[in-house]
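# Structure at a glance
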Amino acid sequence: MAVPDTCFHCALPNPRGCDLTVEIEGQPQNVCCPGCKAVAELIRDSGMLSYYAMRDAPQPGVGKPAPEEAEWLVFNGSEMLAAFADINKDIAVATIYAGGMYCSACSWLIETSLGKIKGVLSVDVNPVTHRLRVRWRFEEIGLGDILAALSRLGYRPQPLAAGDTTRPEIAEQRAALKRLLVASLGMMQVMMFAVGLYAGDFQGIDADMQRFLRLVSFFVATPVVFYAARPFFASAWRGVSARRPGMDLPVSIAIGSAYAASVYATFTNGPAVWFDSVAMFVFFLTLGRFLEMRARHRSIDRSVALSQLLPNTATLIVNGAKKIVPVAQLTKDDRVLIRAGDSIPADGIIVSGASAIDEALLTGEAEPRRRIVGDLLAAGSVNLDAMIEMRVTGTGGDTALSAINRLSERARFTRPAFVNIADRIASYIVVALLLIATAVALYWYFEDPERAFVITLSVLVVTCPCALALATPAAFATAGSRLSELRLLVTNGNAIEVLSRATHIVFDKTGTLTSGTAEIRTLAVLRDDFDEQQCRAIAAALEQASTHPIARAFRTELALPVVTDGQVHVAQGVSGTIDGSRWRIGSASFVLDDSTLEEASSTVVYLGLAGSPVARFDISDALRSDALDTLKALKSKGYKVSLVSGDNAGAVREIAKALSIDAAHSDCTPADKLRIIKSLQARGECVVMIGDGINDAPVLAGADTSIAPSHGALLAQTNADVIMLGDALHPITTALGLSAATMRIVRQNLLWAVVYNATALPLAVAGMVPPWLAAIGMSFSSLVVVLNALRLHRYT
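Note that the structure is predicted; figures quoted are calculated from it, not measured.

## Some thoughts on the overall build of the chain
Along the chain, the regular secondary structure elements total 25 helices and 29 strands. Counting all 796 residues of the chain, 50% fall into the buried class. Across the chain, contacts joining residues at least 24 apart in sequence account for 68% of those joining residues at least 6 apart. Summing over all exposed atoms, the chain offers an accessible surface of approximately 36,200 Å²; the carbon and sulfur share of this is 56%.

Below, the structure written as structure tokens:
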């Protein structure tokens with residue numbers, strides 16, 4: 001029941017002077033607007049008043065109807081139906097996200113209300129995911145009618161494109177969870193029966209009871225072996241077929257032989273069975289694999305969360321008319337209207353209006369950014385406070401959002417060299433262990449035939465190199481996932497290992513140590529036949545071809561001349577032809593015939609015509625807010641720091657002084673930067689290059705590894721081993737620290753695996769380890785490795 005000064009239906013405060021009421025069970029209830037009054041009356045008149053009795057206390061605003069229900073009717077079109085529903089003859093099935101659902105009463109209300117609509121065949125609501133699956137006859141009712149009905153109930157419906165809900169990793173996780181459940185239940189039950197059998201060995205047991213307990217154990221252990229352990233047998237067979245035996249081969253041999261021997265003993269009244277060891281072995285192995293799989297899936301979860309940032313529809317402007325279309329139908333140069341609160345449907349450039357844009361989910365920056373005409377927008381960002389129009393520059397796989405997902409995918413499928421080495425070592429160890437097990441079996445066969453099988457089984461189980469094989473990949477998978485959560489995209493699987501060995505950090509200046517939001521501080525026109533406005537327009541036209549951070553300083557709303565034959569000259573500038581004259585903009589040495597440079601404390605860009613100067617631009621670019629703290633942190637950890645830049649000596653010297661960098665190099669071409677890095681490497685340094693990833697691609701490739709700060713929609717052009725999302729530099733210290741921690745974990749895991757096997761093997765060979773204890777020991781060693789790797793998820 002709502003309090004008197006709040007709306008009975010949606011719990012928002014009632015406006016002052018509002019006297020709207022609705023009669024519910026003979027009592028007048030205050031409501032805040034005609035919409036809530038209409039919804040409450042609809043619920044009352046439909047005989048569904050139990051909704052109010054069943055619901056929890058509503059969050060303010062939940063249930064308030066949308067003011068523009070008519071917008072949903074566009075979904076009645078055939079194009080929308082094809083985009084958002086699966087169609088079979090005259091029946092359509094769609095999945096709809098219902099924003100504003102907050103309790104089980106909401107599920108009941110939705111199912112009951114939609115179920116009364118003619119043409120709707122079934123409505124299944126999942127209150128946990130806030131999604132509903134609707135089946136209806138599309139010739140009798142449209143998708144838009146269903147969405148409008150949800151909107152009238154006060155929910156915020158969003159149709160999900162067909163296939164959006166299908167995720168292969170979810171299927172893998174569900175299958176693994178089922179196997180883990182079967183293994184755990186089987187282990188618990190078999191262990192209960194094993195207690196009776198072990199007690200019977202010491203105190204005596206009736207033969208019929210022993211036979212009964214063995215038979216029950218057989219029936220319980222069988223699904224554990226043939227269902228829960230199936231992946232081990234399949235993997236072992238693949239390894240044998242490829243002549244690359246893996247760690248699942250001794251596992252499969254141990255499970256299969258123990259099960260077969262137990263079955264034989266059960267039906268021939270043999271001396272012992274090992275169903276408990278088999279079930280325990282499978283359970284702990286399955287648990288370890290499940291935990292390792294969850295570590296892998298964490299990075300996939302982030303990619304899925306990013307992919308869900310895109311809206312399903314967009315408002316397309318065609319000849320002044322507005323039309324709602326699926327995002328998949330947008331193409332380059334389309335003009336799109338984006339209202340306040342809407343997600344950006346594609347990469348683009350603002351052509352009308354200005355607004356604050358929230359890029360937090362893409363960049364990690366909590367502070368919204370003010371974007372004006374000419375600024376780039378990245379798909380998945382959110383327009384916060386004003387209506388804007390955008391010209392589409394990239395859709396689908398060409399967006400920054402897709403680039404992030406592709407980079408994440410590339411990292412997931414790139415196996416670090418360190419992991420490959422570990423895999424090869426594990427393969428050799430498997431063969432060696434099989435030879436050792438064979439030798440042990442032969443020795444005990446002649447020494448004590450009755451104990452030969454049990455001891456050989458224990459050797460196979462206790463020495464299975466699962467811990468060794470998981471030691472490295474588990475740590476790397478967890479580290480990659482944690483870095484992704486910390487807004488660091490690892491695009492090269494070897495980067496983590498190299499970062500752990502880093503000794504020297506080399507920074508670029510513009511767009512790296514500085515914010516990349518360059519501004520023109522002063523403009524000096526050097527020829528009388530040009531004015532300031534002409535110089536700005538010509539410079540802006542030329543700089544359109546450049547992706548350098550400084551090029552952004554020249555953006556303007558002035559009408560721009562047409563540039564033909566535009567060329568970008570790396571580390572020098574841009575040239576192009578305007579009205580038949582060849583213009584250049586860039587460094588003095590590039591633009592001017594007489595390039596006598598005057599000392600400057602800022603970046604200087606010249607505009608020139610036929611080798612003579614026309615204008616000089618003094619560009620200011622503020623340091624990133626955390627640049628000084630980041631460099632202090634790096635130095636305190638023992639890293640050496642250098643600065644290399646193509647900027648003039650005065651500007652570089654000023655930055656180096658502000659950040660206390662002793663080794664600073666100015667006026668560097670890409671070749672000069674590469675030479676400096678090679679000289680450091682020749683002295684034994686492991687060099688990490690921090691650059692913008694676009695203009696310094698050869699330099700980044702020449703370093704041992706590289707990190708690049710991302711720049712929104714330019715992300716797709718970035719070439720670096722690690723990409724930082726956002727404008728902060730402190731993730732550099734995070735990447736270095738987490739990489740070092742990862743390699744510590746790897747060394748700990750490898751040490752544990754070696755010590756365990758070196759200790760357990762002699763004991764097993766001597767017959768001092770029974771199979772059940774071998775299963776516990778091997779499984780425990782694998783769990784230790786996985787859990788130790790999962791500690792990296794807590795790294796901050």
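## So, a positive patch on the surface
A cluster of basic residues, Arg744, Arg747, Arg791 and Arg794, forms a positive patch on the protein surface. On the basis of relative accessibility, which here comes to 43%, the residue Arg744 falls in the partly exposed class.

## Some details on the side chain of Thr705
One can find Thr705 in strand β28 (residues 705–709). Owing to a relative accessible area of 1%, Thr705 belongs among the buried residues under this scheme. A distance of 2.9 Å separates a polar atom in the side chain of Thr705 from a polar atom in the side chain of Asp721. Beyond its immediate stretch of four places on either side in the chain, Thr705 contacts Ala495, Val498, Leu499, Val687, Val688, Met689 and Asp721.

## A look at the pattern of salt bridges
Considering all chains together, one arrives at 15 salt bridges under this definition. With a shortest N-O distance of 2.8 Å, Asp529 and Arg527 are connected by a salt bridge. The class of Arg527 is partly exposed, set by a relative accessible area of 25%. A salt bridge links Asp672 to Arg675; its shortest N-O distance comes to 3.9 Å. Highlighted residues: Asp672 and Arg675, both in helix α22 (residues 670–682), separated by three residues, approximately one helical turn.

## Thoughts on a nonpolar patch on the surface
On the surface, Tyr198, Trp752, Trp772, Leu773, Ile776 and Phe780 cluster together to form a nonpolar patch covering roughly 530 Å² of accessible area. Of note, Trp772 is situated in helix α25 (residues 771–790). Accessibility expressed as a relative area gives 36% for Trp772, which makes it partly exposed.

## Some remarks on the pairing of strand β8 (residues 313–318)
The pairing of β8 with strand β9 (residues 321–326) spans six bridges and is classified as antiparallel. Its bridge partner being in β9, Thr315 is matched across the sheet by Ile324. Hairpin connection, β8 to β9: the antiparallel pair is bridged by two residues, and Asn319 has positive phi, about 55°. Pairing of β8 with strand β10 (residues 335–338) involves three bridges; the strand directions are antiparallel.

## Notes on the sheet that holds strand β19 (residues 519–525)
With respect to topology, six strands assemble into an open sheet ordered β19-β24-β23-β22-β21-β20, the strand pairing being antiparallel. Every interior strand has two partners, whereas the edge strands, β19 and β20 (564–569), have only one. Strand-to-strand twist in this sheet, taken as the mean axis angle between neighbours without regard to direction, amounts to 15°. The sheet contact formed by strand β23 (residues 603–609) and strand β24 (residues 612–620) spans seven bridges and is antiparallel. Within β24, the residue paired with Leu607 across the bridge is Ala615.

About the criteria used
- Residues numbered from 1 in each chain as written.
- Predicted model: local features only at pLDDT ≥ 70, side-chain atom pairs only at ≥ 80, totals over all residues.
- Heavy atoms only, no water.
- Helix = DSSP H or I, 4+ residues; strand = E, 2+ residues; numbered from the N terminus.
- Buried < 20%, exposed > 50% of the residue type's maximum accessible area, 1.4 Å probe, protein only.
- Contact = heavy atoms within 4.5 Å.
- Areas by Shrake-Rupley, 256 points an atom, 1.4 Å probe, with all protein chains shown as cover.
- Patch = residues over 30% accessible without salt bridge, like charges linked within 9 Å, V, L, I, M, F, W, Y side chains within 5 Å.
- Salt bridge = Lys/Arg side-chain N within 4 Å of Asp/Glu carboxyl O.
- Lys, Arg positive; Asp, Glu negative; His and termini not counted.
- Charge placed at Lys NZ, Arg CZ, Asp CG, Glu CD.
- Polar contact = N/O pair within 3.5 Å; in protein donor to acceptor, adjacent residues only side chain to side chain.
- Pairing = 2+ DSSP bridges.
- Axes fitted to C-alpha atoms, helices over the stretch in contact; angles between N-to-C directions.

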